[in-house]
Amino acid sequence: MSLPSAPPGFTDHVFRSGSGIELAVRVWPAETPVDEPAPFVLWTHGGGWFGGFHYAPLPWMAPGFRQRGCHFVSHNYRLAPQARVDDQLADCLEAVSWCRANLPSILGADKVDVDRYVLCGESAGGHLATLMGLHLSNPTPRAIVDVYGVVDFLSLPAFGVEDQRPSRATQGPWSGKFSEATLNNLLRDRDPANILTDACSWNEFERLTDIELSQLWATEFRYTERVLMQAELHMMQSLSRSADGLRVGIMHNEKFSSEEELIAFVRSMSPLRVLQQRITQGKKGPELYPPTAFLHGTGDADVPVEQSYAMAGVLRDADVPVVESYEEGGLHVFDMKYTGSDVPGWATFIEPILDFVDKHVGRDVK
């Protein structure tokens, strides 16, 4: 699988978040000003909450939205294990606030409508984007695009029957650069001084030199010991390999006095579970949640497509507009192949997402 590259024409920005950590934002203006002031799309990257980067979106995202007349913005956030998932949510919400306050001065006050915005994210970023939709109001997002994101942690094996959870003990010995003991210590590291905000999403360090990766991402990125250790931690503790990655590294289970308290927190971080609770309180339609698009492959072994099926069904039954785009047999990150509208499948799987966003930011669909 090829790696995404940074489309040209961006500007980079940095702000200090409420946590005291500097966070970064990359801004691409709309290519085709369909209307002005134009809406913006905020992309939250994936990478299993341990990894990922904001430098280069998936190939279809920036051109797809920018050619439809949307500004496109990426951002980073504090990564696990130092940051817990609610810390990551806080960073994402701050990114929205920063965009609404600062995009007019970057793009031009008459060029951007900060009240018309869309959230988009894939994998862990899809989880964070859907979670953000539960916390944003005045104004709410016009739409959310969830690309194979986790929406229900409690249905994952890590929170199932204890002896059926994925475990390092049932796998072969670890053979990376760093020992398993070293990586287990990192999994439990909570020191803010060791936080990363951009990292490898998987094994880029095995495929490219850091000079080549820097050229691809249009930034200076180096394979420091800390970066390499983070990559191996992610690979060793991914969802399918170890329940500890999710329970210890992402949820910080040591902060809870019981399994019940941990599960209550995990439920609050699971958009599907929160939606179901709000529905029992009588909420539906726009009061419940923004219009949401789902893109997922039915062969996804990392985030089962049933996650998207379930949330789409709950939203539809509650009168929230939904569009679903499922590619038969598509694996996790199957959409890397969609590099342009001339690629077979673009019209079937990508255009319905873009049309849905057009409609909900207030445009007529072509």
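Everything numeric in this text was worked out from a predicted model, so none of it was measured. (Residues numbered from 1 in each chain as written. Predicted model: local features only at pLDDT ≥ 70, side-chain atom pairs only at ≥ 80, totals over all residues. Heavy atoms only, no water.)

(A) Structural detail: the sheet that holds strand β3 (residues 38–44). Strand order in this open sheet of eight strands is β1-β2-β4-β3-β5-β6-β7-β8, and the pairing throughout is mixed. Sheet topology places β1 (11–16) and β8 (322–327) at the edges, where each strand pairs with a single neighbour. Looking at each pair of strands side by side, their axes are set apart by 20° on average, direction ignored. Where strand β6 (residues 143–147) lies against strand β7 (residues 292–297), four bridges are found, and the strand directions are parallel. Bridging across to β7, V145 finds its partner in A293. Docked against the sheet, helix α3 (residues 124–132) engages β3, β5 (112–122) and β6, running at close to 135° with respect to β5. (Pairing = 2+ DSSP bridges. Helix = DSSP H or I, 4+ residues; strand = E, 2+ residues; numbered from the N terminus. Axes fitted to C-alpha atoms, helices over the stretch in contact; angles between N-to-C directions. Contact = heavy atoms within 4.5 Å.)

(B) Just the UniProt feature "domain: Alpha/beta hydrolase fold-3" (unreviewed entry) in the protein, in detail. Using the residue numbers shown here, the UniProt feature "domain: Alpha/beta hydrolase fold-3" (unreviewed entry) corresponds to residues 41–156. A distance of 29 Å separates the end C-alpha atoms of residues 41–156, which is 34% helix and 22% strand. (UniProt positions renumbered as here; feature names shortened; annotations may be inferred.)

(C) Inspection of the layout of surface pockets at higher detail. Within this model, the largest pocket holds a volume of roughly 960 Å³. Where the lining of the largest pocket is concerned, the elements lending two or more residues are α5 (204–207) and α8 (243–250). Of the residues that constitute the lining of the largest pocket, the class distribution is 24 nonpolar, 14 polar and four charged. The volume enclosed by the second largest pocket comes to roughly 150 Å³. The wall of the second largest pocket is formed by Y55, L196, T197, D198, E220, F221, R222, T224, R226 and V227. (1 Å grid on protein atoms, 1.4 Å probe; cavity = no way out; pocket = protein on both sides within 12 Å on 5 of 7 lines; lining within 4 Å. Points joined across faces, edges and corners; volume = space filled by probe spheres on them. Nonpolar A, V, L, I, M, F, W, Y, C, P; charged D, E, K, R; others polar.)

(D) Representation of the pattern of salt bridges within the structure. Summed over the entire model, instances satisfying the criterion amount to 20 salt bridges. The salt bridge involving D115 is made with R100; its shortest N-O contact spans 2.4 Å. You can see D115 sitting in strand β5 and its partner R100 sitting in helix α2 (residues 85–107), a full 15 residues away along the chain. Across the pair E324 and R316 runs a salt bridge, and its minimum N-O distance is 1.9 Å. By relative accessible area, which is 41% here, R316 ends up partly exposed. (Salt bridge = Lys/Arg side-chain N within 4 Å of Asp/Glu carboxyl O. Buried < 20%, exposed > 50% of the residue type's maximum accessible area, 1.4 Å probe, protein only.)

(E) Focus on the packing of aromatic side chains. Under the criterion given, the structure shown has 14 aromatic pairs. When the ring of F10 is compared with that of W28, the centres are 5.7 Å apart and the planes differ by 65°; the resulting orientation is edge-to-face. Of this pair, F10 sits in the segment before β1 while W28 sits in strand β2 (residues 22–28), and the two are 18 residues apart along the sequence. Classification of F10 by relative accessible area gives partly exposed; the value is 22%. Assessed through its relative accessible area of 0%, W28 is described here as buried. Ring geometry for W49 and F153: centres 5.4 Å apart, planes at 50°, overall tilted. Taken together, the positions of W49 in the loop between β3 and α1 (61–67) and F153 in the loop between β6 and α4 (180–187) put the pair 104 residues apart, joining distant regions of the chain. Here W49 and F153 have matching classes, each one buried. Through a chain of ring-to-ring contacts, three or more aromatic side chains come together here, namely F10, W28, W60, F65 and F72. Cation over ring: R84 sits above F265, and NZ or CZ is 4.3 Å from the ring centre. (Phe/Tyr/Trp six-rings, centres within 6.5 Å; stacked < 30°, edge-to-face > 60°. Lys NZ or Arg CZ within 6 Å of the ring centre and 35° of its normal.)

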